[in-house]
Amino acid sequence: MPKSYITHFECSLTGKADYAAGQIHNLSEAGRPLLARYDLDAVKASVSKEEVWARPGGFWKWRELLPVQNEENIVSLGEIETPLTTLPRAAQHFGHGGELIVKDEGRLPTSSFKARGLGLAVSMAKELGITRIAMPTNGNAGAALAAYAAPAGIETFIFCPDDTPPINVQEAALLGAKIWRVNGYIDDCGHIVGDGIEKMGWFNVSTLKEPYRLEGKKTMAFEFAAQLGWELPDVVMFPTGGGTALIAMWKAFEEMEALGWIGPKRPKMVAVQASGCAPLVKAFDKGERFAARWDNAHTKAAGIRVPQAVGDFLVLDALRASGGMGVAIDEADIFEAQATVGALEGYMVCPEAAASFVALKKGAEEGWIAPTDRVLLINSGNGLKYDMPDTAGRLNKDEPIDFDALKT
Ligand SMILES: *Cc1c(COP(=O)(O)O)cnc(C)c1O
């Protein structure tokens, strides 16, 4: 039976490493994210990458590199390895000469990659005896939390901005969560969660404010590394909100290299944000290590409407260490790209991921993506969870149909 090789946690800012495994943690003493550490030498000696990869599907196969100690605490909703698809027509349309691969995280339970993070966070909550969880969300994380918490018998309190995509709000409620719309942004919702900790006795699973969601998201990179024959792509583009996914991928690369699963080559990491909320891109451009809060954040790509991120410096460090970029995309371009990819490839991307196609075009034009680069773009959620333009025509069955008019 595979087991976890977790040893302890370390502060991502100061490196202080005396946070024990098997205990409830939120932020470090410095107020920054904690990173889980593993005995990678022991993992290396006990199992090969081929052996792990050959296990049955889903992200729980990476057991040695995940924090859950007791198999009985694993909450599973039938996860799969999400497929990679090459999109040559989209590559051509957006001016990229090389290969364009999309990984469809919309195929996971609750239709977004948030399932990876919340699957881990909820299983760890179960392991640590937590019975009540609270979280601020822009939608997808709330739905994933509700889903995984239900079979674990954990009560959930979810707070989202007023204009969160309605399907996500209704979905979380239908999956048993208590959910409230709040007249503010996700960080305003986060303050409500923080303020309620003592009165409500709940555990705060805000992104990066507990160390387990990051560990779940890490499996996305293990998975695409294996799917690509343990050869990382040249460029990875991710729509970046709180930045957990980007930080998690970067951590996964480090762990895989230490295990001898991959070499030292790293993809250029590209953080894609919306022009209406681009705090990380702004800090990247100004050469700063920490990002100031973005006021009046607006974009309909809800997953990336995050005005302030506690892991800002980890994202910015990874972008710089990888030779990558931060790119902000205009609202109209996001939705135009979503429609273009749909019509050209039959591939439904969420608005967040649609922004990455525009970033690809910029990269190709500006030369920071080479025509020979293999680019991996992550479709972080299912586009069906958002409002879609209603462009269908209307016909009256009781009148003669003008078929010539249908051609135009
Ligand atoms: C949460 C989310 C993101 C942003 O992910 P982070 O890890 O917070 O950067 C991107 N796309 C979708 C669809 C999301 O739900």
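Our subject in this report is the structure included herewith. In this text the structure is predicted, and so the values were computed from the model without any measurement.

A look at the pairing of strand S8 (residues 178-182)
Across 5 bridges, the pairing between strand S7 (residues 155-161) and S8 is parallel. Along S8, the bridge assignment pairs Ile-158 with Ile-179. For the segment spanning S7, helix H6 (residues 166-174) and S8, crossover handedness is right-handed.

What about the nonpolar core?
By size, the foremost hydrophobic cluster in this structure holds 89 residues, and its most contacted members are Trp-62, Phe-224, Met-249, Phe-253 and Met-256. Ranked by residue count, the leading element in this core is helix H9 (residues 244-258), at 9 residues. Apart from residues no more than four positions distant in its own chain, Phe-253 is found in contact with Ala-221, Phe-224, Leu-232, Ile-262, Arg-266, Pro-267 and Met-269. Membership of the second largest hydrophobic core comes to 33 residues, among which are Val-235, Ala-337, Val-341 and Cys-350.

Regarding the site of the ligand
Around the ligand sit 18 residues in total, of which Lys-114, Asn-140, Gly-241, Gly-243 and Ser-380 are the nearest. One nitrogen or oxygen atom from the side chain of Asn-140 is found 2.9 Å from an oxygen atom belonging to the ligand. Between the ligand and Gly-241, the relevant distance is 2.8 Å, taken from an oxygen atom to a main-chain nitrogen or oxygen of the residue. Starting from 380 Å² of accessible surface for the ligand in isolation, the protein chains cover 96%. Contributing elements (two or more residues each) for the shell around the ligand: strand S10 (235-239) and H9.

Description of helix H12 (residues 331-345)
For H12, spanning 15 residues, the distance from its first C-alpha to its last is 21 Å, which sits close to the expected 21 Å at 1.5 Å a residue. Where H12 is buried, its residues meet helix H3 (88-93), strand S11 (268-274), strand S12 (325-329) and helix H13 (351-366). Taken from the residues just after H12, Gly-346 is the one with a positive phi, measuring 65°.

Comments concerning the packing of helix H4 (residues 114-127) against helix H8 (residues 212-227)
It is the contact of H4 with H8, at a shortest axis distance of 7 Å, that shows an interaxial angle of 135°. Here H4 is positioned oblique relative to H8, judged by the angle of their axes. Between H4 and H8 lies a crossing of right-handed hand. Residues Lys-114, Arg-116, Gly-117, Leu-118, Leu-120, Ala-121 and Met-124 of H4 form the contact with H8, whose participating residues are Tyr-212, Arg-213, Glu-215, Gly-216, Lys-217, Thr-219, Met-220 and Glu-223. Residue classes in the contact of H4 with H8 are distributed as 6 nonpolar, 3 polar and 6 charged.

Notes on the pairing of S7
Most of S7 is tucked away, with 6 of its 7 residues classed as buried. Across 5 bridges, the pairing between strand S6 (residues 132-136) and S7 is parallel. From the neighbouring strand, Arg-132 faces S7, where its bridge partner is Glu-155. Note on the crossover from S6 through helix H5 (residues 140-152) to S7: the handedness is right-handed.

Some words on the sheet that holds strand S3 (residues 34-38)
Taken together, the 3 strands give an open sheet; going across it, the order is S2-S1-S3, and neighbouring strands pair in antiparallel fashion. Both outer strands of the open sheet, strand S2 (19-20) and S3, are each paired with one neighbouring strand and no more. With 2 bridges connecting them, strand S1 (residues 6-11) and S2 associate as antiparallel partners. The residue of S2 that forms the bridge with His-8 is Ala-20.

A short note on the environment of Val-122
The residue Val-122 is located in helix H4 in this model. Judged by relative accessible area, which is 0%, Val-122 ranks as buried. Sequence-distant contacts of Val-122, that is, excluding residues within four places in its chain, are made with Val-75, Leu-145, Tyr-148, Ala-149, Ala-152 and Ile-154.

Quick look at the side chain of Ser-123
Secondary-structure assignment places Ser-123 in helix H4. Classification of Ser-123 by relative accessible area gives buried; the value is 0%. A polar contact of 3.0 Å, which involves the side chain of Ser-123, links it to the backbone nitrogen of Val-75. The residues touching Ser-123, leaving out its near neighbours within four places in the chain, are Trp-60, Val-68, Asn-73, Ile-74 and Val-75.

Rules behind the numbers
Residues numbered from 1 in each chain as written. Predicted model: local features only at pLDDT ≥ 70, side-chain atom pairs only at ≥ 80, totals over all residues. Heavy atoms only, no water. Pairing = 2+ DSSP bridges. Helix = DSSP H or I, 4+ residues; strand = E, 2+ residues; numbered from the N terminus. Right-handed = clockwise from strand over helix to strand, strands pointing away. Core = buried A, V, L, I, M, F, W, Y, C linked by side-chain atoms within 4.5 Å. Buried < 20%, exposed > 50% of the residue type's maximum accessible area, 1.4 Å probe, protein only. Contact = heavy atoms within 4.5 Å. Near = heavy atom within 4 Å. Polar contact = N/O pair within 3.5 Å; in protein donor to acceptor, adjacent residues only side chain to side chain. Areas by Shrake-Rupley, 256 points an atom, 1.4 Å probe, with all protein chains shown as cover. Expected span 1.5 Å × (residues − 1). Axes fitted to C-alpha atoms, helices over the stretch in contact; angles between N-to-C directions. Parallel < 35°, antiparallel > 145°, perpendicular 65-115°, else oblique. Left-handed = near helix turned anticlockwise from the far one by under 90°. Nonpolar A, V, L, I, M, F, W, Y, C, P; charged D, E, K, R; others polar.

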